Amino acid sequence: MKANHLFTLFFILFSLIGHAQNAKIRGKVTDITNNESIPLANIVVLGTQIGTTSDLDGNFSLTGLTSGYIKLQISFLGYKTNTTSDIFVSNSNTPFVEIKLLTDEQILNEVVVRVDRFEKREESPIAMQSIGTKEIESNPGSNRDISRVIQSFPGVGSTPAFRNDIIIRGGGPSENRFFLDDVEIPVFNHFSTQGASGGPVGIINADFIQSVDFYSGSFPANKYNALSGMFDFKQKEGNKDKLNFQGTLGASEAALTLDGPLGKNASYIFSVRRSYLQFLFSAIGLPFLPTFNDYQFKLKTYLDTKNQITVISIGSLDHLTLNTGIRNPDASQQYILSQIPINNQWSYTFGAVYKNFFDKGTHTFVLSRNMLNNEFYKYPDNDESIEKSLDYNSSEQENKFRYELSTRSNGIKLVVGANLEYAKYFNSTMQKIYLQNVLTEFKYSTNLEIAKFGLSAQASKRFSKNNLLVSIGVRIDGNNYNSNMLNAFNQISPRLALSYTITEKLVINAGTGRYFQLPAYTTLGYRNNLGELVNLDNSKYIGVNQYNIGIESRLNKSFLFSIEGFYKDYFQYPIDQYTGASLANQGADYSSVAGAVPVTYTGKGEAIGFEILNRVDYKKFNLLASYTFVRSLFTDGSGKYIPSSWDSKHLLTITGTKELKNNWRIGFKWRYVGGLPYTPYDLTTSANIQAWDAIGQPYLDYTKLNSERFAAFHQLDFRIDKNYFFSKWTLLVYIDIQNVYNFKNITKDYIIREKNDDGTYQTTSDGLNYILTFVPNESGTVLPTIGLMVKF
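Residues numbered from 1 in each chain as written. Predicted model: local features only at pLDDT ≥ 70, side-chain atom pairs only at ≥ 80, totals over all residues. Heavy atoms only, no water.

### Let's talk about the overall build of the protein
A tally of regular secondary structure across the protein gives ten helices and 49 strands. Taking 2.2 N^0.38 as the reference for a compact globule, 792 residues should give roughly 28 Å; the C-alpha atoms of the protein span a radius of gyration of 27 Å, in line with that estimate. Dimensions of the protein along its principal axes, counting C-alpha atoms only, are 90 × 75 × 45 Å. For the protein, the proportion of its 792 residues judged to be buried stands at 56%. In the protein, the proportion of contacts linking residues at least 24 apart, taken out of those at least 6 apart, comes to 66%. For the protein, the exposed surface amounts to about 32300 Å²; the carbon and sulfur share of it is 58%. For the protein, the separation between the mean place of its 76 positive charges and that of its 73 negative charges on side chains is 7 Å. (Helix = DSSP H or I, 4+ residues; strand = E, 2+ residues; numbered from the N terminus. Rg over C-alpha atoms; globule rule 2.2 N^0.38 Å. Buried < 20%, exposed > 50% of the residue type's maximum accessible area, 1.4 Å probe, protein only. Contact = heavy atoms within 4.5 Å. Areas by Shrake-Rupley, 256 points an atom, 1.4 Å probe, with all protein chains shown as cover. Lys, Arg positive; Asp, Glu negative; His and termini not counted. Charge placed at Lys NZ, Arg CZ, Asp CG, Glu CD.)

Below is the structure:
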């Protein structure tokens, strides 16, 4: 029998023997303020007649459910009706969900309240979106990588390169922060660019994620050290009934996840992943061979109804080597082999969160530690018999403590907090570089210790018959790096958010605030060859003033349309003294380090634009269509405003999924990114033999910073999912096809050195210069992948 006939028979067989209507779910309904159990609450599977009520302890159970994604709607007299994000249920696994209800004065006053699937946080009624597990799991072209899922949302730019740089409203990838169950995770990607946040593959395992709150402005006062984006991830809880396993085979890695109970009051979830890209890349002749590994862990313990502890940890181990065994490498292979260094990197975050509930609020204590170790080196032409041109070893360690008090009284929600951090930064650098027509060797070692602190407070209340929401907050931050930053009042950060309900279906929102971010350790710890901290005296927090206004229309409970305008006014942005370029342009390459230069803090910048969002969330159909117009400009060393590396102007993304019969699902994503600016090469310097050998690649002409622009990039991705549900196990299969119509993206030409017949390099000018040649750089191919997930 032919292979395609066997494949067809396989699908038909599984379609016939699946069992889909024995799924279960368990949970508990509690008061969001004091964690008291809510008995006799009504729980209904949205869009069905299936429901139940909670018992005297707030617990509930639903059985006989159809396997797949469901949403629960929970209601009780005196509380605001809550609709959960998507929850995956199956015969083989009984998820546990903890559902919080908020006392609603509108209901107590007999005012009708609508159920809002797109509801935002009180502190951030504007520039905030929530992302559910279904959107993460089924997003076409993303391969379950949350960093790429986020690119579907308004204001989020991307690059054509195979990277996960998150570019929000014209700000660079170093301007974002990430929290996992209230614990900050500084390293978000494998092979992370130190001093920024980007990388080629995300660390977070999608199996863990229940939901994500994404802020592109109007940050709550208890979130800090970000200028453009804030991400608050909430993880699932482990199964409370039995041990479960999940095996996943994806586009680039294999993963094993297990979860289950630990006694009556605790549960855990744990996963490990390992990539097999190095084998694939070697087989097809790619010049670099990456290997990444990661783990993720969560343990949650309910000590009693008033006290709970959550322990989380996440870590990575990455190794990038070069495929130097390629025979007769082509131009692109020569270019990559010449300039990419060997990279070894590992990281971890470990944190514990203790919550204590009392009558009117919650005490939250967060203790965490994170570390990044980053090593890379390069031999000229990968010849290990000669001296290295680059030898870099660095580590970042942070120990953090944060306390928050959240209370509700007389209609006012008050959140106050304090944080303390102790950081250690080590860097040993030897680097050769050609500056001002002279070959220079930088060689220094840094041991830096910094103590940081912060205070915050935010109050939110509704007025005018609950139609007007006002949220006002302030925070201050400081550290002991120098006297300027030690004075926390230099970093005072006020913020104000307003939301007014004009009609039941029309809301106007506004927000403004000042936000600060500490410069990267790579900048603060930079030394010259005399061992002096070059940036010690002049370093300041980077600041931005944000202004946002928008209007949103909710035609029904499943349809949202919104328009938001934004303006970001940056100040005190570091400018590289060597190149005269703002560090806002750095962070989206594979150099693994950003900001390790002498700087001045005289830079300014602005990002201005608007966003249009159409979000549809029906039971069988989901659509997310967003358009963003944005201009992003930053000053150079002379004070002239120049388009930044993120000045894409136009961003358009349309993502849709459709549920079909028999547990089939199809989806598509089309994205358009306007052409990004780039800096042309300095061919005179690049041809110099000493200059080229120092870094193994051409130099940029910073007198023409971002003076040219690439053509626009666009791509269509398509995905088909099929779920098979059996009595004791579940099989999930997907086919994902990226770049369906094979768009070819043209980027900067490769610059390589001409060779003689004997393999030596051709020279000119009496042996002082190489002869360089341009090779067109075209990327893009149809990329199909198959993914398998087995749950039992």
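### Thoughts on the sheet that holds strand β1 (residues 23-31)
Through backbone hydrogen bonds, the strands of a sheet pair up, either in parallel or in antiparallel fashion. Read from one edge of the open sheet, three strands run β4-β1-β9, paired in mixed fashion. Where the open sheet ends on each side, the last strands, each with one partner, are β4 (59-65) and β9 (96-101). Ignoring strand direction, the axes of neighbouring strands in this sheet form an average angle of 25°. Relative to β9, β1 runs parallel, the two being bridged by six bridges. (Pairing = 2+ DSSP bridges. Axes fitted to C-alpha atoms, helices over the stretch in contact; angles between N-to-C directions.)

### A few points about the sheet that holds strand β3 (residues 51-53)
Read across the sheet, four strands follow the order β3-β2-β6-β7 without closing on themselves; strand pairing throughout is antiparallel. Strands with a single pairing partner mark the edges of an open sheet, and in this sheet they are β3 and β7 (82-83). As paired elements, strand β2 (residues 42-45) and β3 share three bridges and run antiparallel to each other. Bridging across to β3, Val 44 finds its partner in Gly 51.

### As for the packing of aromatic side chains
Within this structure, the stated rule accounts for 33 aromatic pairs. Between the aromatic rings of Tyr 444 and Tyr 526, the centroid separation amounts to 5.4 Å while the plane-to-plane angle is 75°, which identifies the pairing as edge-to-face. Note that Tyr 444 is positioned in strand β28 (residues 438-463) and Tyr 526 in the loop between α8 (521-524) and β32 (542-556), a separation of 82 residues in sequence. No difference in accessibility class separates Tyr 444 from Tyr 526, as the two residues are buried. (Phe/Tyr/Trp six-rings, centres within 6.5 Å; stacked < 30°, edge-to-face > 60°.)

### Topic: the side chain of Thr 291
Following the sequence through the fold, Thr 291 ends up in strand β22 (residues 288-304). Only 3.4 Å separates the side chain of Thr 291 from the side chain of Gln 278, close enough to count as a polar contact. Residues contacting Thr 291, with those up to four places away along its chain left out, are Phe 191, Arg 274, Ser 275, Gln 278, Leu 317, Asp 318 and His 319. (Polar contact = N/O pair within 3.5 Å; in protein donor to acceptor, adjacent residues only side chain to side chain.)

### Notes on the pattern of salt bridges
A full pass over the atoms with the stated rule returns 37 salt bridges. The residue Arg 402 makes a salt bridge to Glu 404 at a minimum N-O spacing of 3.1 Å. Glu 404 shares its class with Arg 402; the two are buried. (Salt bridge = Lys/Arg side-chain N within 4 Å of Asp/Glu carboxyl O.)

### Details of the nonpolar core
Counting residues in each nonpolar core, the largest one holds 31 residues, and the members touching the most others are Ile 146, Ile 204, Phe 231 and Phe 233. Only α4 (146-149), β13 (176-180), β17 (209-215), β18 (229-235), β23 (307-322) and β25 (361-378) provide two or more residues apiece to this core. Take this core: its biggest share by element is three residues, from β17. Apart from residues no more than four positions distant in its own chain, Ile 204 is found in contact with Ile 146, Leu 180, Ile 185, Phe 188, Ile 209, Phe 233, Arg 273, Gln 296 and Ile 314. (Core = buried A, V, L, I, M, F, W, Y, C linked by side-chain atoms within 4.5 Å.)

### Quick look at a nonpolar patch on the surface
Together, Tyr 500, Ile 502, Ile 508, Ile 549, Ile 551, Phe 561, Ile 563 and Phe 610 line one region of the surface with nonpolar side chains, adding up to about 640 Å² of accessible area. Listed by contribution, the elements that provide at least two residues to the nonpolar patch are β30 (493-503), β32 and β33 (559-576). Classification of Phe 610 as partly exposed rests on a relative accessible area of 33%. (Patch = residues over 30% accessible without salt bridge, like charges linked within 9 Å, V, L, I, M, F, W, Y side chains within 5 Å.)

### Details of helix α5 (residues 277-284)
Along α5, the residues classified as buried are Leu 277, Gln 278 and Phe 281. When α5 is viewed along its axis, its buried side chains cluster within an angular range of 95° and face the same direction. Residues of α5 that are exposed and point more than 90 degrees away from the buried face comprise Phe 279 and Ala 283. Residues of α5 that are buried make contact with β21 (266-275) and β22. Note on α5: the residue one or two positions beyond its end, Gly 285, has a positive phi of about 85°. (Arc of directions from axis to C-beta.)

### Some words on the environment of Glu 135
In this structure, Glu 135 sits in helix α3 (residues 133-138). The class for Glu 135 is partly exposed, based on a relative accessible area of 26%. Along the sequence, Glu 135 and Pro 677 sit 542 residues apart, while their C-alpha atoms lie 31 Å from each other. Beyond its immediate sequence surroundings of up to four residues, Glu 135 is in contact with Ser 130, Val 149, Phe 153, Arg 615 and Leu 624. For Glu 135, the side chain forms a polar contact with the main-chain nitrogen of Gly 132, separated by 3.0 Å.

### Some details on the pairing of strand β38 (residues 664-673)
Of the two faces of β38, only the one carrying Arg 665, Gly 667, Lys 669, Arg 671 and Val 673 is buried; Trp 664, Ile 666, Phe 668, Trp 670 and Tyr 672 on the other face are not. In this antiparallel pair of consecutive strands, strand β37 (residues 649-659) and β38, the connection spans four residues, and Asn 662 shows a positive phi of 60°. Pairing of β38 with strand β43 (residues 713-725), which is carried by ten bridges, proceeds in the antiparallel orientation. Across the sheet, residue Phe 668 finds its bridge partner in β43, namely Phe 718.

### Points about the pairing of strand β31 (residues 506-517)
Here β30 runs beside β31; their pairing, made up of eight bridges, is antiparallel. Note on β31: the bridge partner recorded for Thr 501 is Val 507. The antiparallel pairing of β30 with β31 creates a hairpin that spans two residues between the two strands.

### Overview of unusual backbone geometry
Even without being glycine, Asn 143 reaches a positive phi, approximately 50°. Its place among the elements puts Asn 143 in the loop between α3 and α4. Backbone geometry at Asp 182 places phi at a positive 80°, although glycine is not the residue there.

### Looking at the side chain of Asn 585
With respect to the helices and strands, the residue Asn 585 is situated in the loop between β33 and β34 (599-617). Among the polar contacts made by the side chain of Asn 585, one reaches the main-chain amide nitrogen of Ser 645 at a distance of 2.9 Å. At 3.3 Å, the side chain of Asn 585 and the side chain of Asn 706 are in polar contact. Discounting chain neighbours no more than four positions away, the residues touching Asn 585 are Pro 643, Ser 644, Ser 645, Trp 646, Leu 705 and Asn 706.

### Examining the environment of Asn 189
With respect to the element layout, Asn 189 can be found in strand β15 (residues 189-190). Once you skip the residues sitting within four places of it in the chain, Asn 189 turns out to touch Ser 147, Asn 164, Ser 197, Gly 198, Gly 199, Val 201, Gly 202, Ile 203 and Gln 345. Side-chain polar atoms of Asn 189 contact the side chain of Asn 164, separated by 3.1 Å. A polar contact is formed between the side chain of Asn 189 and the backbone nitrogen of Gly 202, at a distance of 3.3 Å.

### A few points about the confidence of the model for the protein
This prediction gives the protein a mean pLDDT of 89; 94% of its residues lie at or above 70. Low pLDDT (under 50) marks residues 106-115, which in the prediction has 19 contacts with non-local residues, meaning those over four places away or in another chain. (pLDDT = per-residue confidence, 0-100.)

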